[in-house]
Amino acid sequence: MLYSTEDKKKYLKENLSAKRYTHSLNVAAECRKLADKYGEDPDKAYFAGLLHDVCKEMPDEEQRELVVSGGFTYCREELETRSLLHAVAGAAFIKKKFGVEDIDILNAVRFHTVGRAGMSRLEEIVYLGDLISADRDYKDVDRMRKLAYTSLNAAMLEAFAFSMRSVIKKGGLIPICTAEGYNFYTRLEREEKKQH
């Protein structure tokens, strides 16, 4: 099978905390549902969702090494923010360790925390799947879940706004690609409103 998950699950189970492993399974399941809803390959979405946090609990130095040597573009804000390292590192890691060559899967892992303008359908699914998985319990999660199954663009815009608000509240750095993503979905929503 193209998207074999048994060996990946074994790796995740051995290298992630129980909580993070459960989260990975939940995100994979959510991605499968979103893929069904929006016409993406459900197996591919499950696979990308499963691996999105593969490097999350790896030591910082190893993550940084993967980011710098992995061949993916990254920005200074990502390198300076611990919680953002794992996404770029994860894309580099699954390419190296599991031989994943599919750029759509690699990008879905790469951009699942920061987002960007012009994300593919799979990237959007993994981004939202991570935000609304069964284990999430932040204040507006139910509204976010509803939105994700109502309109992808509206959900993405809300997700970008939500993510930027929480970063600002914590006094964190906002990567340029996140701001560009926010602007991109704001424009899409404006266009959509004009057409109705």
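See the structure printed just above.
Residues numbered from 1 in each chain as written. Predicted model: local features only at pLDDT ≥ 70, side-chain atom pairs only at ≥ 80, totals over all residues. Heavy atoms only, no water.

## Looking at the overall build of the protein chain
To keep it simple, the criterion reads: In DSSP terms, a helix is any run of H or I states spanning at least four residues, a strand is any run of E spanning at least two, and both are numbered starting from the N terminus. Here the radius of gyration uses the C-alpha set of atoms, whereas the globule reference equals 2.2 Å times the residue count to the power 0.38. When a residue's accessible area, from a 1.4 Å probe over protein chains only, is under 20% of the maximum for its type it is buried; when over 50% it is exposed; and in between it is partly exposed. Throughout, a residue-residue contact means that at least one pair of heavy atoms, one from each residue, lies within 4.5 Å. Surface exposure here means Shrake-Rupley accessible area, sampled with a 1.4 Å probe, where a residue is shielded only by the protein chains that are shown. In this tally Asp and Glu are treated as negative and Lys and Arg as positive; neither His nor the chain ends contributes. Note on charges: their place is set at NZ of Lys, CZ of Arg, CG of Asp or CD of Glu.
Regarding its fold elements, the protein chain presents 11 helices and zero strands. If you list the helices and strands of the protein chain from N to C, you get α-α-α-α-α-α-α-α-α-α-α. Here the C-alpha atoms of the protein chain give a radius of gyration of 16 Å, agreeing with the 16 Å that 2.2 N^0.38 yields for 196 residues. With respect to the three principal axes, the spread of C-alpha positions in the protein chain is 50 × 35 × 30 Å. Each of the 196 residues in the protein chain was classed as buried or not, and the buried ones make up 51%. For the protein chain, contacts bridging at least 24 residues in sequence account for 60% of all contacts bridging at least 6. Total accessible area on the protein chain stands at roughly 10000 Å², and carbon and sulfur atoms take up 52% of it. Seen as two clouds, the 32 positive and the 32 negative side-chain charges of the protein chain have centres 4 Å apart.

## Focus: the nonpolar core
What counts is decided by this rule: Think of a nonpolar core as a cluster: buried Ala, Val, Leu, Ile, Met, Phe, Trp, Tyr and Cys residues, connected wherever their side-chain atoms sit within 4.5 Å.
Core analysis: the largest hydrophobic core is formed by 59 residues, its most contacted members being L12, F93, I94, I105, L128 and M144. No other element matches helix α6 (residues 82-98), which puts nine residues into this core.

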